[in-house]
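Descriptive analysis of the structure
One letter stands for each residue in the lines below.
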Amino acid sequence: LVYFPGSTISNFTHDEARDFLTRMGRIAGDDGLILIGVDLVKAPERLVAAYDDREGITAAFNMNLLDRMNRELGADFDKSGFHHEARWNDVERRIEMHLVAQRPMTVRLGDREFEFEKGQSIHTESSHKYSIEDFRKLAESAGLVCLKTWTDPEGLFSTHLLKNL
């Protein structure tokens, strides 16, 4: 049994998720199984609130990218010039985290300069959400079949038991 808890697969593009599932299938082998957690589609308001929490934990996590680029890559981002923003992308069915410029500015990173206009963003992370049927189709495209699916009582998350076709 190959176990991949949580819903980290949500951070992959669909092609990356398919390739990852294919590799998991190879690891499991013909007689093996895969147990994987998947984040389900929810109301956009609920998703945005989860990724833009009142406590500011996700914003601090996202803004830390600027600190790390400054420290580890020699950039000169002024954190006060950016704010965290979570957005629902309905077409891609994903939450996107962005760092949005509050004013025009120039940022140096090594020998390069990057110009930001007010409102321009750095797209830092995506978290794809799936319906149960969409995830089953993704698994099938990776050569896997879903044997069983469990959800929590509210239908927010799912766990899938997969097997090679």
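The next thing to look at is the sheet that holds strand E3 (residues 82-89). Pairing in this open sheet of three strands is antiparallel, and the strands run E3-E4-E7 from one edge to the other. One side of each edge strand has no neighbouring strand; the edge strands of this open sheet are E3 and strand E7 (121-128). For this sheet, the mean inter-axis angle between neighbouring strands, taken without regard to orientation, is 20 degrees. In the sheet, E3 pairs with strand E4 (residues 94-101) via eight bridges, with the strands oriented antiparallel. The residue of E4 that forms the bridge with Phe82 is Ala101. Sitting on the sheet, helix H2 (residues 44-51) is in contact with E3, E4 and E7, with an inclination near 155 degrees to E3.

The subject of this paragraph is the sheet that holds strand E9 (residues 157-164). Pairing is mixed in the open sheet, where four strands are placed in the order E1-E2-E9-E8. Of all strands in the sheet, those with a lone pairing partner are strand E1 (2-4) and strand E8 (144-151), marking the two edges. Between one strand and the next, the sheet's axes are offset by a mean angle of 20 degrees, whatever the strand orientation. Here E1 pairs with strand E2 (residues 33-39) via three bridges, running parallel. Of the residues in E2, the one forming a bridge with Phe4 is Ile36. Against the sheet, helix H4 (residues 132-141) contacts E2, E8 and E9, and its axis sits at roughly 155 degrees relative to E8.

Residues other than glycine predominantly adopt negative phi, and peptide bonds predominantly adopt the trans conformation. Phi at Arg93 takes a positive value of approximately 55 degrees, unusual for a residue other than glycine. Relative to the helices and strands, Arg93 is located in the loop between E3 and E4. Residue Arg93 is classed as partly exposed on the basis of its relative accessible area of 29%.

Looking now at the pairing of strand E6 (residues 112-116). Relative to E6, strand E5 (residues 105-109) runs antiparallel, the two sharing five bridges. Counterpart to Thr106 in the pairing with E6 is Glu115. Following E5, the chain reverses through two residues before pairing antiparallel with E6; Gly110 in that reversal takes a positive phi of roughly 65 degrees.

Attention now goes to H4. The complete set of buried residues in H4 reads Phe135, Leu138 and Ala139. Burial along H4 is one-sided: seen end-on, the buried residues are contained in an arc of 100 degrees. Each element contacted by the buried residues of H4 is listed here: helix H1 (14-28), E2, E8 and E9.

Another aspect to go through is the packing of aromatic side chains. Both the distance between ring centres and the angle between the ring planes are used here to describe each pair of aromatic rings. Counted under the stated rule, the structure contains six aromatic pairs. Relative to Phe135, the ring of Tyr130 has its centre 5.7 Å away and its plane inclined at 80 degrees; by these criteria the two rings are edge-to-face. For the pair shown, Tyr130 and Phe135 are each scored as buried. Aromatic ring contacts, followed pair by pair, group Phe4, Phe12 and Phe20 into a single cluster. Cation over ring: Lys42 sits above Phe157, and NZ or CZ is 4.6 Å from the ring centre.

What follows covers the environment of Pro5. Note that Pro5 resides in the loop between E1 and H1. For Pro5, a relative accessible area of 41% puts it in the partly exposed group. The sequence separation of Pro5 and Leu161 amounts to 156 residues, and the corresponding C-alpha distance is 12 Å.

Definitions and limits used
Residues numbered from 1 in each chain as written. Predicted model: local features only at pLDDT ≥ 70, side-chain atom pairs only at ≥ 80, totals over all residues. Heavy atoms only, no water. Pairing = 2+ DSSP bridges. Helix = DSSP H or I, 4+ residues; strand = E, 2+ residues; numbered from the N terminus. Axes fitted to C-alpha atoms, helices over the stretch in contact; angles between N-to-C directions. Contact = heavy atoms within 4.5 Å. Buried < 20%, exposed > 50% of the residue type's maximum accessible area, 1.4 Å probe, protein only. Arc of directions from axis to C-beta. Phe/Tyr/Trp six-rings, centres within 6.5 Å; stacked < 30°, edge-to-face > 60°. Lys NZ or Arg CZ within 6 Å of the ring centre and 35° of its normal.

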